[in-house]
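Fold and geometry: a report
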Amino acid sequence: MKQLPAATVRLLSSSQIITSVVSVVKELIENSLDAGATSIDVKLENYGFDKIEVRDNGEGIKAVDAPVMAVKYYTSKINSHEDLENLTTYGFRGEALGSICCVAEVLITTRTASDNFSTQYVLDGSGHIISQKPSHLGQGTTVTALKLFKNLPVRKQFYSTAKKCKDEIKKVQDLLISYGVLKPEVRLVFIHNKVSIILDSFISICMGNLKLRMIKGIVLYFTLCSLQHYLQ
Ligand code: ADP
Ligand code: MG
């Protein structure tokens, strides 16, 4: 018996965490929600295999944290396992971004409220920064994953039929609808190959102060100011 090389262990463990396009989208949306985003745009190209992009208007990542933001087991959400008792976030293991870097090419553009401009970071397979440059995006974070599973031909092979690819889009759509139910106050947009995908039976209406989210005809949410307006 021989111990596997570290790079192989890394790839195998990352491919257990990132198993599909929908698992990338789920991890990135949860990071956006943990960052307090009220607006999340999910864009896919070629069913997500060429490009997955999740943009949010959350708190952004501080420049001082950027060198470790995608390094495995670095997290801003807990300090030790004792904090698990009072967990208020979706993430806490610090594994998602590092795993995505291992199976795709990743760019992260981010800006906090105290930054003068956003910065786009290009990451390597182990989540370290290769290069960085100023960018024009506003506050929040955009994570772009290109060429998913480029180094895992077996995983890519699984999606070789049009049906499997279409099923994946449906899964992303269903995932977004689930978050729409859970977080009705968050604006969610889903675009595939530059075409907006209607989030089935999921309607958000903004009319002045009134903001409604309806799912299957049931009003789930309307803004507090509207509520006060109705109560007066
Ligand atoms: P985890 O969510 O378990 O902490 P991740 O690998 O998903 O691990 O993310 C690592 C860290 O990067 C997070 O703890 C957070 O500090 C930061 N981060 C990731 N995505 C975002 C985002 N969209 N907005 C702000 N910070 C983010
Ligand atoms: Mg996370």
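In the nomenclature of an unreviewed UniProt entry, the chain is known as PMS1 homolog 1, mismatch repair system component of Sus scrofa. In UniProt, the chain has this text filed under Sequence similarities (unreviewed entry): "Belongs to the DNA mismatch repair MutL/HexB family."

**As for the overall build of the chain**
The number of helices and strands found in the chain is 6 helices and 11 strands. Within the chain, the proportion of its 232 residues that are buried is 43%. A sequence separation of at least 24 residues applies to 61% of the contacts in the chain between residues at least 6 apart. Counting only carbon and sulfur atoms, one obtains 57% of the accessible surface of the chain, whose full area is about 13,200 Å².

**A closer look at the environment of Pro184**
Inspection of the secondary structure puts Pro184 in the loop between helix 5 (162-182) and strand 7 (187-192). Separated by 146 residues in the primary sequence, Pro184 and Thr38 have C-alpha atoms spaced 9.7 Å apart.

**Digging into the nonpolar core**
Judged by nonpolar contacts, the single largest core of 44 residues is most densely connected at Val25, Ile29, Ile40, Val42, Leu44 and Leu148. The element contributing the most residues to this core is helix 2 (residues 21-34), with 7 residues. Once you skip the residues sitting within four places of it in the chain, Val42 turns out to touch Val25, Ile29, Glu53, Val54, Leu176, Val189, Phe190 and Ile191.

**Concerning the site of ligand 1**
In the neighbourhood of ligand 1, 19 residues make up the surrounding shell, with Asn31, Thr75, Ser76, Lys77 and Gly94 lying closest. The contact in question runs from an oxygen atom of ligand 1 to an N or O atom on the backbone of Gly94, over 2.8 Å. One of the backbone nitrogen or oxygen atoms of Leu97 is found 2.9 Å away from an oxygen atom of ligand 1. In isolation ligand 1 has 530 Å² of accessible area, and contact with the protein removes 92% of it. Of all the elements in the fold, those that place two or more residues in the shell around ligand 1 are helix 2 and helix 3 (96-103). In terms of residue class, the shell around ligand 1 is made up of 7 nonpolar, 8 polar and 4 charged.

**Focus on the packing of helix 1 (residues 6-17) against helix 3**
Two numbers describe how helix 1 lies on helix 3: the axes approach to 9 Å, and their chain directions differ by 115°. By the angle between their directions, the pair helix 1 and helix 3 is classed as roughly perpendicular. Remark: the crossing between helix 1 and helix 3 carries left-handed chirality. Seen from helix 1, the contacting residues are Arg10, Leu11, Ser14 and Ile17; seen from helix 3, they are Gly98, Ser99, Cys102 and Val103. Tallied by class, residues from the contact of helix 1 with helix 3 come to 4 nonpolar, 3 polar and 1 charged.

**Thoughts on a nonpolar patch on the surface**
Residues Leu4, Val9 and Leu12 make up a contiguous nonpolar surface patch of roughly 250 Å² in combined accessible area. Within the element layout of this structure, Leu4 appears in the segment before helix 1. For Leu4, a relative accessible area of 46% puts it in the partly exposed group.

**Quick notes on the sheet that holds strand 7**
Ordered in space as 5-4-3-6-2-1-7-8, the 8 strands form an open sheet in which the pairing is mixed. Of all the strands in the sheet, just strand 5 (129-135) and strand 8 (195-196) have a single pairing partner and so form its edges. Bridging between strand 1 (residues 39-45) and strand 7 involves 6 bridges; their strand directions are parallel. Bridged to Asp41 within strand 7 is Val189.

**Considerations on the layout of surface pockets**
Each pocket or cavity is described by its volume, and for the largest pocket that value is around 860 Å³. Around the largest pocket, the lining comprises 38 residues; the ones closest to its centre are Asn31, Met69, Ser76, Lys77 and Leu97. At the level of elements, helix 2, strand 2 (51-56), helix 3 and strand 6 (140-146) are the ones that each hand at least two residues to the lining of the largest pocket. Element by element, the count of residues in the lining of the largest pocket is highest for helix 2, at 7 residues.

**What to know about the packing of aromatic side chains**
The description of two aromatic rings rests on the distance between their centres and on the angle between their planes. Counting across every chain of the model gives 3 aromatic pairs. For the ring pair Tyr90 and Tyr179, a centre distance of 6.2 Å and an interplane angle of 85° mean the geometry is edge-to-face. One end of the pair, Tyr90, is in the loop between strand 2 and helix 3; the other, Tyr179, is in helix 5, and 89 residues separate them in sequence. Residue Tyr90 is classed as partly exposed on the basis of its relative accessible area of 31%. Where Phe158 meets Tyr159, the ring centres are 5.0 Å apart and the plane angle is 90°; that geometry is what we call edge-to-face. Overall, the relative accessible area of 9% leaves Tyr159 in the buried class. By the ring-pair criterion, three or more aromatic residues cluster together here, those being Phe49, Phe158 and Tyr159. The ring of Phe149 has Arg155 sitting right over it, with the charged end atom 5.9 Å from the ring centre. If you follow Lys164 out to its NZ or CZ, it ends over the ring of Phe158, 4.7 Å from the centre.

Conventions used here
Residues numbered from 1 in each chain as written. Chains lettered and ligands numbered in written order. Predicted model: local features only at pLDDT ≥ 70, side-chain atom pairs only at ≥ 80, totals over all residues. Heavy atoms only, no water. UniProt positions renumbered as here; feature names shortened; annotations may be inferred. Helix = DSSP H or I, 4+ residues; strand = E, 2+ residues; numbered from the N terminus. Buried < 20%, exposed > 50% of the residue type's maximum accessible area, 1.4 Å probe, protein only. Contact = heavy atoms within 4.5 Å. Areas by Shrake-Rupley, 256 points an atom, 1.4 Å probe, with all protein chains shown as cover. Core = buried A, V, L, I, M, F, W, Y, C linked by side-chain atoms within 4.5 Å. Near = heavy atom within 4 Å. Polar contact = N/O pair within 3.5 Å; in protein donor to acceptor, adjacent residues only side chain to side chain. Nonpolar A, V, L, I, M, F, W, Y, C, P; charged D, E, K, R; others polar. Axes fitted to C-alpha atoms, helices over the stretch in contact; angles between N-to-C directions. Parallel < 35°, antiparallel > 145°, perpendicular 65-115°, else oblique. Left-handed = near helix turned anticlockwise from the far one by under 90°. Patch = residues over 30% accessible without salt bridge, like charges linked within 9 Å, V, L, I, M, F, W, Y side chains within 5 Å. Salt bridge = Lys/Arg side-chain N within 4 Å of Asp/Glu carboxyl O. Pairing = 2+ DSSP bridges. 1 Å grid on protein atoms, 1.4 Å probe; cavity = no way out; pocket = protein on both sides within 12 Å on 5 of 7 lines; lining within 4 Å. Points joined across faces, edges and corners; volume = space filled by probe spheres on them. Phe/Tyr/Trp six-rings, centres within 6.5 Å; stacked < 30°, edge-to-face > 60°. Lys NZ or Arg CZ within 6 Å of the ring centre and 35° of its normal.

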